[in-house]
Amino acid sequence: MAELHVELVAADRKVWAGEASLVIARTTAGDIGIMPGHQPVLGVLRSGPVTIRTTGETGEGTVVAAVHGGFLSYTDGKLSLLAEVAELADEIDVERAQRSLEQAQAETDAEAERRASVRLQAVAAER
């Protein structure tokens, strides 16, 4: 099976790297799925969950991350996701994210509400 090498990097750290058969991300042009052999592409990431269907030594599985802004680039079998902020779903404190969402709704802070909502979507997608 063909694989692509994926690196998900935030401004402050490498979040995840490995082999995958499919990556789904939200861009300004809409959701995009990248598989091995995809045409080269450069896109601007919007806030949303990124789903990575993993392969390789650890076997098949799914990694989900909450990503807020950045870029993606695919060429020659390598996909780079360079995010302003990114958190793996299993790193997200669900109760804290829920409290953040409620506070943002009470304060009518659309940006904070969107960030908290994306974090909760990432956790739900991984389950």
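Reading the values: rules and limits
- Residues numbered from 1 in each chain as written.
- Predicted model: local features only at pLDDT ≥ 70, side-chain atom pairs only at ≥ 80, totals over all residues.
- Heavy atoms only, no water.
- Helix = DSSP H or I, 4+ residues; strand = E, 2+ residues; numbered from the N terminus.
- Buried < 20%, exposed > 50% of the residue type's maximum accessible area, 1.4 Å probe, protein only.
- Contact = heavy atoms within 4.5 Å.
- Domains from an automatic or database assignment.
- Buried area = accessible area lost by both parts, 1.4 Å probe.
- Salt bridge = Lys/Arg side-chain N within 4 Å of Asp/Glu carboxyl O.
- Polar contact = N/O pair within 3.5 Å; in protein donor to acceptor, adjacent residues only side chain to side chain.

## Here's the deal with unusual backbone geometry
Here Asp 76, not a glycine, exhibits a phi torsion of approximately 50°, which is positive. Mapped onto the secondary structure, Asp 76 falls in the loop between strand S6 (61–75) and strand S7 (78–88). A positive phi angle, near 50°, is found at Thr 108, a position not held by glycine.

## Overview of the environment of Gly 70
Among the secondary structure elements, Gly 70 is positioned in strand S6. Look at Gly 70 and you get buried, because its relative accessible area is 9%. Once the C-alpha coordinates of Gly 70 and Ser 47 are considered, the two residues, 23 residues apart in sequence, prove to be 8.7 Å apart. If near-sequence neighbours (up to four positions away) are discounted, Gly 70 is found in contact with Gly 43, Val 44, Leu 45, Leu 82, Ala 83 and Glu 84.

## What about the domain arrangement of the protein chain?
For the protein chain, the domain assignment lists domain 1 (4–89) and domain 2 (92–126). Between the C-alpha centres of domain 1 and domain 2 there is a distance of 21 Å. Domain 1 puts 14 residues into the contact, and the matching count from domain 2 is 10 residues. Buried surface at the junction of domain 1 and domain 2, summed over both partners, amounts to about 920 Å²; 61% is from carbon and sulfur atoms. Counting across the domain 1 and domain 2 interface gives 1 salt bridge. Across the pair Arg 119 and Glu 87 runs a salt bridge, and its minimum N-O distance is 2.7 Å. At the surface where domain 1 touches domain 2, the tally comes to 3 residue pairs in polar contact (both at pLDDT 80 or more). Elements supplying a minimum of two residues to the side of domain 1 that touches domain 2: strand S5 (48–54), S6 and S7.

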